[in-house]
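Residues per chain, in single letters:
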Amino acid sequence: MESIEWSDDELGEDIEAMCRSKAEEFRLLGYEYVTGRDIWDCISRNYAKEGNPPLHKLVNDIYSLKATSYMNYLTIAAYRGLN
């Protein structure tokens, strides 16, 4: 089975919708300022090392992201001065 190659610029509307959906879920949990782009930045941080994952892994990474993992990402990014 061959995986489809995609880049950050070629994110489909479906992937963006999944990120927005996850951000909306986080807003329901009280994280008011989360955007779909924030979710993508958090998820895609590992892809620089690994390369682009298969679509099923990407979807799993988005939908299985926990609020604690997202907050850890923000904390580390703040310490590194990435945000």
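Just above, that's the structure.
Calculation criteria
- Residues numbered from 1 in each chain as written.
- Predicted model: local features only at pLDDT ≥ 70, side-chain atom pairs only at ≥ 80, totals over all residues.
- Heavy atoms only, no water.
- Core = buried A, V, L, I, M, F, W, Y, C linked by side-chain atoms within 4.5 Å.
- Buried < 20%, exposed > 50% of the residue type's maximum accessible area, 1.4 Å probe, protein only.
- Helix = DSSP H or I, 4+ residues; strand = E, 2+ residues; numbered from the N terminus.
- Contact = heavy atoms within 4.5 Å.
- Salt bridge = Lys/Arg side-chain N within 4 Å of Asp/Glu carboxyl O.
- Phe/Tyr/Trp six-rings, centres within 6.5 Å; stacked < 30°, edge-to-face > 60°.

Here we look at the nonpolar core
Okay, step 1: Core analysis: the largest hydrophobic core is formed by 17 residues, its most contacted members being Phe26, Ile39, Ile43, Leu58, Ile62, Leu65 and Tyr70.
Okay, step 2: Elements represented by at least two residues in this core include exactly α1 (13-28), α2 (36-44), α4 (55-63) and α5 (67-80).
Okay, step 3: Ranked by the residues each element gives to this core, the list is headed by α1, at five residues.
Okay, step 4: Beyond its immediate chain neighbours, meaning those up to four positions away, Phe26 contacts Tyr31, Val34, Ile39, Leu65, Lys66, Ala67 and Tyr70.

Brief notes about the pattern of salt bridges
Okay, step 1: With the rule as written, the count across this model stands at three salt bridges.
Okay, step 2: With a closest N to O distance of 3.3 Å, Lys22 and Glu25 form a salt bridge. Of the two residues, Lys22 and Glu25 are both situated in helix α1; the distance of three residues between them amounts to about one turn of the helix.
Okay, step 3: Residue class for Glu25 comes out partly exposed when judged on its relative accessible area of 37%.
Okay, step 4: Between Lys57 and Asp61 there is a salt bridge, with the nearest N and O atoms lying 3.1 Å from each other. Residue Lys57 and its partner Asp61 are located together in helix α4, separated by four residues, close to a single helical turn.
Okay, step 5: The exposure class of Lys57 is partly exposed, given its relative accessible area of 31%.
Okay, step 6: Residue Asp61 is classed as buried on the basis of its relative accessible area, which comes to 16%.

A word on the packing of aromatic side chains
Geometry of an aromatic ring pair is reported as the spacing of the ring centres plus the angle between the planes.
Okay, step 1: Counted by the stated rule, this structure contains four aromatic pairs.
Okay, step 2: When the ring of Phe26 is compared with that of Tyr70, the centres are 5.7 Å apart and the planes differ by 50°; the resulting orientation is tilted. Of this pair, Phe26 sits in helix α1 while Tyr70 sits in helix α5, placing them 44 residues apart in sequence. Tyr70 shares its class with Phe26; the two are buried.
Okay, step 3: Here the aromatic cluster, defined as three or more aromatic residues joined through ring pairs, consists of Phe26, Tyr31, Tyr70 and Tyr73.

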